[in-house]
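Here's the letter readout for the chains.
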Amino acid sequence: MNAPAATNRNFRHAARILGLDSKLEKSLSIPFREIKVECTFPKDDGTLASYAGFRIQNARGPMKGGIRYHSEVDPDELNALAQLMTWKTTVADGIILPKYNISPNFFKGFSPNYA
């Protein structure tokens, strides 16, 4: 199973567990924006070379990401990666702790148990 198929399968499973309606599920499974670019840069020998690039934006709000440099970059793989990053960064945790008297050892034991 390739990355896009696995990502979509996992998302559909999670959507069923969460009870998302089918319209919302469909909306969230389609990228918000896909952009294809072509950049031309001079090589070391002075000749020009063109490179294709893709940006897949899955999130509907603030976004963050990175650039993947590889000879086999594929828009479908990037779509799956963007979707996974959206779900990964959608969750935020916070623990209320007193301001003082917490030893560094507390975090070594607490954090793995909390996670």
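All residue numbers refer to positions counted from 1 along the written sequence of the respective chain. Whole-chain, interface and lining totals are the exception, using all residues; otherwise, since this is a predicted model, local features are given only for residues with pLDDT of at least 70 and side-chain atom pairs are given and counted only at 80 or more. Where side-chain values are given, they derive from all heavy atoms of the structure, hydrogens and water being excluded.

1. Description of the layout of surface pockets
Over the atoms, a rolling probe the size of a water molecule traces out where space has been left empty. Here is the rule we go by: The distinction between a cavity and a pocket rests on a 1 Å grid over the protein atoms alone: a 1.4 Å probe fits inside a cavity but cannot get out, while a pocket stays open yet meets protein on both sides within 12 Å along at least five of seven lines, and a residue with an atom within 4 Å of a point counts as lining. Grid points are joined across faces, edges and corners, and a volume is the space filled by probe spheres set on the points. By definition, any uninterrupted DSSP run of H or I lasting at least four residues is a helix, any uninterrupted run of E lasting at least two residues is a strand, and each is numbered from the N terminus. Following the grouping adopted for this structure description, the nonpolar residues are Ala, Val, Leu, Ile, Met, Phe, Trp, Tyr, Cys and Pro, the charged ones are Asp, Glu, Lys and Arg, and the polar ones are all others, Gly among them.
Taken as a whole, the largest pocket holds about 1000 Å³ of empty space. Put simply, the parts of the chain that give the lining of the largest pocket at least two residues each are β1 (33-42), β2 (48-57) and α3 (75-88). Here the element with the most residues in the lining of the largest pocket is β2; it accounts for seven residues. Partitioning the lining of the largest pocket into residue classes produces 17 nonpolar, nine polar and three charged.

2. A few points about the packing of helix α1 (residues 3-18) against helix α2 (residues 22-29)
The condition is simple: Interaxial angle, 0 to 180 degrees, is taken between N-to-C directions of lines fitted to C-alpha atoms, where a helix line uses only the stretch in contact. Here the word oblique covers every angle except those under 35 degrees (roughly parallel), over 145 (roughly antiparallel) and from 65 to 115 (roughly perpendicular). The sense of a crossing depends on the near helix, which, turned anticlockwise from the far helix by less than a right angle, makes the crossing left-handed and, turned clockwise, makes it right-handed. Contact definition: two residues touch when any of their heavy atoms are within 4.5 Å.
Where α1 meets α2, the closest approach of the two axes is 11 Å, and the angle between their N-to-C directions is 150°. In terms of orientation, α1 lies roughly antiparallel with respect to α2. Both α1 and α2 take part in a crossing whose hand is right-handed. Of α2, the residues touching α1 (which contributes F11, R12 and A15) are E25, L28 and S29. Split into classes, the residues belonging to the contact of α1 with α2 amount to three nonpolar, one polar and two charged.

3. Digging into the confidence of the model for the chain
Cut-off, in case you're wondering: The predictor rates its confidence in each residue with pLDDT, a number between 0 and 100.
Averaged over the chain, the pLDDT score is 81; the fraction of residues at 70 or greater is 88%. When the elements of the chain are averaged for pLDDT, helix α4 (residues 104-114) gives the smallest value, 72, and α1 the largest, 90.

4. Here's the deal with the environment of N58
When you line up the elements, N58 lands in the loop between β2 and α3. With 21 residues separating them in the primary sequence, N58 and N79 have C-alpha atoms 7.5 Å apart.

5. Examining the side chain of T86
Rules: Buried, partly exposed and exposed residues are distinguished by accessible area as a fraction of the type maximum, computed with a 1.4 Å probe on protein chains only: under 20%, between the cut-offs, and over 50%, respectively.
Inspection of the secondary structure puts T86 in helix α3. Here T86 falls in the buried class, since its relative accessible area comes to 12%. If near-sequence neighbours (up to four positions away) are discounted, T86 is found in contact with N58 and A59.

6. Here we look at the environment of P4
Examined against the element boundaries, P4 turns out to sit in helix α1. For P4, the residues in contact, after removing those within four places along its chain, are D76, E77 and A80.

7. A few points about the pattern of salt bridges
Here is the rule: We count a salt bridge whenever a side-chain nitrogen from Lys or Arg sits within 4 Å of a carboxyl oxygen from Asp or Glu.
Evaluation of the coordinates by the stated rule reveals one salt bridge. For R68, the salt bridge is made with E77, and the minimal N-O distance between the two is 3.2 Å. What makes R68 partly exposed here is its relative accessible area of 43%.

8. Some remarks on the pairing of β2
The condition is simple: For two strands to be treated as a pair, DSSP must find at least two bridges joining them.
As paired elements, β1 and β2 share 10 bridges and run antiparallel to each other. By the bridge assignment, T40 is partnered in β2 with S50.

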